[in-house]
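The chain contents come next:
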Amino acid sequence: MNSLRRLLAVFDLFRPDQPVIDVDIICRELGYTPATAYRYLRELGDAGLLKRLPRGYALGPRIVTLEQLMTHYDPLLACSQDLVEQLVADTGLDALVSEWHGDSVVNVLVQRGTDAGPVGGGRGQPISLFHSATSRVVLAHLLPRQIRRVYDAHAPVADSPQHGLEWKTFTKSLLAIRKQGYCVSDGELHPGRSGVAAPIFDDKRRVIGSMTLVGRSERFHAFQQSYLRYLVTGAASELTSRIALR
C-alpha cells in the first residue's frame, strides 16, 4: 500500500459507533506506528479534512466542500440527475446510480420514490457484491481476471452464514447477466424488496457503475417486468452516451 492509500485509509475508521478517532485507534486498527499516526492526523487536520476535538479527531469542513464540488462537477452525477428523477416519476420506485471503485460498488446518487423501505444502502455506502443486482450487473461486465480477484477476496466461504458461493455457478450466472444486459434481484438483500439494474460504461466501454430501480416487491411486480427493464436499461444507455460526450 503506497503512502497516499495508507493516509486515506484513516477515513475508513469512521463509523456510527466511532465518529471520533485518535492515535490509539489508528495504531490498533490499521497497524501504523504512533509516529505515522500523529503525522497523518496532522496532515489531514492541516488540509481541513479532519478537525481536532477534545477527545480526538472528527471529519472536517473541507469534506463538505469536496462534496459540493463532486455534486456539481462529477460527470456521473451531473449527467444522471434528470434521468433518475424521471425513473422515479414513472414508477414511484427508488432510483440509484452506483459507482465501481476498488472492490466496492458505492451508491453516489439516491433518489427516493414514494415506496417506503430500506434502499439497500444509503449514499456513500458500499453495496453487497454478491447479493444485489446493483453490484452483480457491474461484476458481470468486468474482465475475467478482475472477477476472479473479487471472488477470491470477497466470496462467502462454505461455513459462513451466507453459505458458500461456488465459482463455476457464480461465473455462469454473471455470463447470463452480461448476455441479457441487466440483472434482477428478488428479496436477496432485503426481504420483500426487489430491483433491476443495468450497467453504465465510460467512453472506452469499460464498466464504471450501474443504475437501479428498487422498491417493495409488491409494487415492483405490479409493473410489467419488461417495462422496468426497458426503463432502467434505457436510462443507463443514455447516461453512458452522455458520459462519452463529456
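Residues numbered from 1 in each chain as written. Predicted model: local features only at pLDDT ≥ 70, side-chain atom pairs only at ≥ 80, totals over all residues. Heavy atoms only, no water.

Naming follows an unreviewed UniProt entry, where the protein appears as HTH-type transcriptional repressor AllR of Pseudomonas azotoformans.

Draft legend 1. Region of the structure containing the packing of helix α6 (residues 81-91) against helix α11 (residues 225-245). Packing of α6 against α11 leaves a shortest axis separation of 10 Å and a crossing angle of 170°. The angle between α6 and α11 falls in the class roughly antiparallel. Residues D82, L83, L87, D90 and T91 of α6 lie in contact with α11, whose contacting residues are Y227, L228, L231, V232, A235, E238, L239 and R242. Tallied by class, the residues present in the contact of α6 with α11 amount to eight nonpolar, one polar and four charged. (Axes fitted to C-alpha atoms, helices over the stretch in contact; angles between N-to-C directions. Helix = DSSP H or I, 4+ residues; strand = E, 2+ residues; numbered from the N terminus. Parallel < 35°, antiparallel > 145°, perpendicular 65-115°, else oblique. Contact = heavy atoms within 4.5 Å. Nonpolar A, V, L, I, M, F, W, Y, C, P; charged D, E, K, R; others polar.)

Draft legend 2. Local environment of the nonpolar core. If you look at the biggest cluster of nonpolar residues, it comprises 26 residues, and the most contacted ones within it are V97, I200, M211, L213 and L239. With seven residues, the top contributor of residues to this core is α11. The residues contacting L213, other than those within four sequence positions of it, are L87, T91, L93, D94, A95, S194, G195, V196, F220, L228, L231 and V232. The next biggest cluster of nonpolar side chains, apart from the first, holds 21 residues, and it includes L139, A140, A155 and A197. (Core = buried A, V, L, I, M, F, W, Y, C linked by side-chain atoms within 4.5 Å. Buried < 20%, exposed > 50% of the residue type's maximum accessible area, 1.4 Å probe, protein only.)

Draft legend 3. Up close: the layout of surface pockets. Considering only enclosed or pocket space, the largest pocket measures out at about 1,400 Å³ in volume. In terms of lining, the largest pocket is formed by 24 residues, of which the most central are F11, D12, H101, V106 and G124. Mapped onto the lining of the largest pocket, the elements with two or more residues apiece are α1 (3-8), α4 (62-73), β3 (94-101) and β4 (104-111). Partitioning the lining of the largest pocket into residue classes produces twelve nonpolar, six polar and six charged. Residue assignment places the lining of the largest pocket across two domains, with domain 1 (3-64) and domain 2 (74-245) each supplying three or more. (1 Å grid on protein atoms, 1.4 Å probe; cavity = no way out; pocket = protein on both sides within 12 Å on 5 of 7 lines; lining within 4 Å. Points joined across faces, edges and corners; volume = space filled by probe spheres on them. Domains from an automatic or database assignment.)

Draft legend 4. The domain arrangement of the protein, seen in detail. Segmentation of the protein into domains returns domain 1 (3-64) and domain 2 (74-245). A separation of 32 Å is found between the C-alpha centroids of domain 1 and domain 2.

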